[in-house]
Structure formats: C-alpha cells, structure tokens
Amino acid sequence: MQSGQPLRIFDCSFELMQPHAGEQHYLAAHIPGAIYADLETALSARHGVPGAHGVITTTGADAPASGGRHPLPNREKFATWLSSVGMGNEMQAVVYDRNGANYCGRLWWMLKWAGHERVAVLDGGLQAWQAAGGALNSGEEPAHFQTSFLLGRERAALVDAQRVAAELGRPSQTLVDARATPRFKGEVEPLDPVAGHIPGALNRPFGQNLTPEGTFKPAEQLRAEFAALLGQRDPATVVHHCGSGVSAVPNLIAMEVAGLGRTALYAGSWSDWCSDANRPMAQG
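None of the values given here were measured: they were computed from a predicted structure.

*Asks:* How do you make sense of the packing of aromatic side chains when you look at a structure like this?
*Replies:* A ring pair, where both rings are aromatic, is described by two values, the distance of the centres and the angle of the planes. A complete count under the given rule lists 5 aromatic pairs for this structure. Arranged with centres 5.9 Å apart and planes meeting at 40 degrees, the rings of Phe-10 and Trp-81 form a pair that is tilted. Of this pair, Phe-10 sits in strand E1 (residues 7-11) while Trp-81 sits in helix H2 (residues 75-84); the two residues are 71 residues apart in sequence, bridging distant segments of the chain. There is no split in this pair, since Phe-10 and Trp-81 are both buried. Here Trp-109 and Trp-113 contribute two aromatic rings whose centre-to-centre distance is 5.5 Å and whose plane-to-plane angle is 25 degrees, an arrangement assigned as stacked. In this pair, Trp-109 and Trp-113 are both assigned in helix H3 (residues 104-113), 4 residues apart and thus about one turn of the helix distant.

*Asks:* Would you mind going over the sheet that holds strand E5 (residues 92-96) with me for this structure?
*Replies:* Picture the strands of a sheet paired through backbone hydrogen bonds; they go either parallel or antiparallel. Strand order in this open sheet of 4 strands is E2-E1-E5-E6, and the pairing throughout is parallel. The open sheet has two edge strands, strand E2 (35-36) and strand E6 (119-121), and neither has a second partner. Sheet topology places E1 next to E5; 5 bridges connect them, and they run parallel. Residue Ile-9 lies in a different strand from E5, and its bridge partner there is Val-94.

*Asks:* Please explain the nonpolar core as it appears in this structure.
*Replies:* Soluble globular proteins tend to bury their nonpolar side chains together. Counting 58 residues, the largest nonpolar core has Phe-10, Leu-43, Phe-78, Trp-81, Leu-107 and Trp-109 as the members making the most contacts within it. Secondary-structure elements contributing two or more residues to this core are E1, E2, H2, E5, H3, helix H7 (219-230) and helix H8 (249-257). In terms of residue count, the dominant contributor to this core is H3 (7 residues). Each residue touching Trp-109, except ones within four places of it in the same chain, is listed here: Leu-72, Ala-156, Ala-157, Leu-158, Val-249, Leu-252 and Leu-265. With 13 residues, the next largest nonpolar core counts Phe-184, Ile-198, Tyr-266 and Trp-273 among its residues.

*Asks:* Could you clarify how one ought to interpret the pattern of salt bridges in this entry?
*Replies:* Evaluation of the coordinates by the stated rule reveals 16 salt bridges. Between Arg-262 and Glu-117 there is a salt bridge, and its shortest N-O distance comes to 2.8 Å. Of this pair, Arg-262 sits in the loop between H8 and strand E11 (264-266) while Glu-117 sits in the loop between H3 and E6; the two residues are 145 residues apart in sequence, bridging distant segments of the chain. Assessed through its relative accessible area of 29%, Arg-262 is described here as partly exposed. Across the pair Glu-167 and Arg-170 runs a salt bridge, and its minimum N-O distance is 3.8 Å.

*Asks:* Can you help me understand the UniProt feature "domain: Rhodanese" (unreviewed entry) in the chain in this one?
*Replies:* The positions UniProt marks with the feature "domain: Rhodanese" (unreviewed entry) are residues 3-138 and 169-282. Overall, residues 169-282 shows 26% helix and 11% strand. The separation of its end C-alpha atoms is 13 Å.

*Asks:* What's the story with the packing of H2 against H3 in this structure? I'm lost.
*Replies:* Describing two packed helices takes the angle between their axes plus the distance from one axis to the other. At a closest axis distance of 11 Å, the pairing of H2 and H3 adopts a crossing angle of 110 degrees. Looking at the two axes, H2 sits roughly perpendicular to H3. Along this stretch, H2 crosses H3, giving a crossing that reads as left-handed. Contacts between H2 and H3 involve Arg-75, Phe-78, Trp-81 and Leu-82 from the former and Leu-107, Met-110, Leu-111 and Trp-113 from the latter. When grouped by side-chain class, the residues that make up the contact of H2 with H3 number 7 nonpolar, no polar and 1 charged.

*Asks:* Could you clarify how one ought to interpret H3 in this entry?
*Replies:* Here H3 lies mainly inside the structure; 10 of its 10 residues are buried. For H3, every residue scored as buried is listed here: Cys-104, Gly-105, Arg-106, Leu-107, Trp-108, Trp-109, Met-110, Leu-111, Lys-112 and Trp-113. Once H3 ends, the next one or two residues include Gly-115, with phi positive near 95 degrees.

*Asks:* Any chance you could explain the pairing of strand E8 (residues 174-177) here in plain terms?
*Replies:* The two faces of the sheet receive side chains in turn, since in a regular strand these alternate between them. Because side chains alternate across E8, one face comprises the buried residues Thr-174 and Val-176, and the other comprises Leu-175 and Asp-177, equally buried. By the bridge criterion, 4 bridges tie E8 to strand E10 (residues 238-241) in an arrangement that is parallel. Counted as the bridge partner of Leu-175 is Val-239 from E10. The sheet contact formed by E8 and strand E9 (residues 202-203) spans 2 bridges and is parallel. Pairing of Asp-177 across the sheet is with Asn-203, part of E9.

*Asks:* Could you clarify how one ought to interpret the side chain of His-240 in this entry?
*Replies:* Counting through the fold element by element, His-240 comes out in strand E10. At a separation of 2.9 Å, a polar atom in the side chain of His-240 contacts the side chain of Thr-263. In contact with His-240, other than residues within four places in its own chain, are Val-176, Ala-248, Asn-251, Leu-252, Met-255, Thr-263, Ala-264, Leu-265 and Tyr-266.

*Asks:* Teacher, can you tell me more about unusual backbone geometry here?
*Replies:* Trans is the prevailing form of peptide bonds, just as negative phi is the prevailing case for residues other than glycine. In this model, Ala-101 sits at a positive phi of 65 degrees, which is unusual for a non-glycine residue. Mapped onto the fold, Ala-101 is located in the loop between E5 and H3. The backbone of Ser-269 sits at a positive phi, close to 55 degrees, despite the residue not being glycine. Residue placement: Ser-269 occurs in helix H9 (residues 269-273). A relative accessible area of 0% places Ser-269 in the buried class.

Procedures and definitions
Residues numbered from 1 in each chain as written. Predicted model: local features only at pLDDT ≥ 70, side-chain atom pairs only at ≥ 80, totals over all residues. Heavy atoms only, no water. Phe/Tyr/Trp six-rings, centres within 6.5 Å; stacked < 30°, edge-to-face > 60°. Helix = DSSP H or I, 4+ residues; strand = E, 2+ residues; numbered from the N terminus. Buried < 20%, exposed > 50% of the residue type's maximum accessible area, 1.4 Å probe, protein only. Pairing = 2+ DSSP bridges. Core = buried A, V, L, I, M, F, W, Y, C linked by side-chain atoms within 4.5 Å. Contact = heavy atoms within 4.5 Å. Salt bridge = Lys/Arg side-chain N within 4 Å of Asp/Glu carboxyl O. UniProt positions renumbered as here; feature names shortened; annotations may be inferred. Axes fitted to C-alpha atoms, helices over the stretch in contact; angles between N-to-C directions. Parallel < 35°, antiparallel > 145°, perpendicular 65-115°, else oblique. Left-handed = near helix turned anticlockwise from the far one by under 90°. Nonpolar A, V, L, I, M, F, W, Y, C, P; charged D, E, K, R; others polar. Polar contact = N/O pair within 3.5 Å; in protein donor to acceptor, adjacent residues only side chain to side chain.

Next comes the structure, spelled out in structure tokens:
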C-alpha cells in the first residue's frame, strides 16, 4: 500500500468439485507476496472429513465453531493459523479469489469475527488485477516470520441452528439463502443428502451481487435489489446462509456495501440444518 502500512494479501481461490485446483491456480499465478488460504485446510475445521479410521471428530481445543460441510475452526485455532502465516494485528489484510468473491468472502468474514476490522476484498478478484496490468508471481512465496495474532471482540455475528430454529417464522429473523435457485427449490441437490430449503427463507443467489465484469454492483443498485427482496422486513434481522456457509458471505458483503449494515451468518447452513431429520424443511 502506498501509505506504507504493513500488508498481507491472501489468495483464497478454490473449486468445490476439484479441491486441489485452487492451490494449483495459485501456484500458476498470483499477486506477488500473496499467501494461499485453502478453504478446507485453513478456513475450515477438520471435523467431519474422512480420515484413516472413519470420519474425523474434533473436540476440546480443536472443536469447530459451527456445523456443516465446511465447519468453522474455533477462533483460537484460526488465530493460530493467522500467526503461522505472519498476519499481525497491526496489518491491513486484502483478500481475493478467481470466483466472484465466493471464497475470499469467507476469510473476510472470519477476520471480522476474529476482531480484525482492517480487511478488504479486492473487487473483481485476480481478473481485475490482471486487467489493470498488475504483476503476477508463480510458484511458492517465501515464508513469513511467525507473529502472535491476538483475538479481539467479535465484529461479525455467528448464528447456530438452535438460534435459527428458535426464531423460525418470527419477524425477528429473516433468512436469506444464497444457493442457486434450483437447489433452493429442491429441484437438484449435488452436494447435500437432502434437497430443499429452510422454511420461510428468501432466495438470492450470490452471483446476483456482481456485474458482468465480476465486480460488486453499485451501492444504490444493491440497496434497491435488497429492498425488493426484503419488502417490509427489517434488514437488521437478516441471517445469511447457503449450503455450507461460504457463498452466503457475498450477500452479507453486498448488504454492507449497500449501506444496510453488517448482518448475521448461519455458517452451518443447509448442510447443517438438513443433518437433523427432525428440523422442518421446505421445497418449491
């Protein structure tokens, strides 16, 4: 940064159907100095993934902070990872991906959740950087000295299934589902064991926040679109979710860009909700 403020850049590129592709893309080309932040190994807990002796269950200091296919690591584990890659409390973080802010939004939100307000999304991602003539590196970057990242007050609201269930159908909660409409309607379900959506949820696929060039739409346009979606509902009551708490974040960022405040995230999302057959589910 021209101000000389210490900076850490994170490349969060990922592909759900090809988990190793994101790192391969990073190694092929990334912004100089960028650190690769893998969704599955850095930004998710190991809880629930297949292991040598069955599904891994993490407890105690490794216990996840949410359920779902991509459970959040607890804040302490996340702070340990930040320290290991040289992220300090005095630094400005910039996050980007190649995926319409889908995956880098996760790290943006997690840093806020860890109490770190100085984090920005590179609008338009790596594509915008390249279009502007930005330099690129390939291969590994030199390791950074370890820091001691200290957790601060949570600056992002995390909601669990119990809270969602308790508020279901009440005006105090407005659920917004960021999945593609066919998944929301239960017409297809490529990832989770049950198709459908949480009853009463509204549907706004996360890609609707972007222009054809891949940047976020202007604030006034986003404000109008969310007003049309929410109707008379209070924006402050919104709880965002998706399949596993990742693609919900662009909706959360878009509401903030629109001047509607920082709303809550149900990180476990549909993959967590439908894991309990006793919870109400809807289709159509």
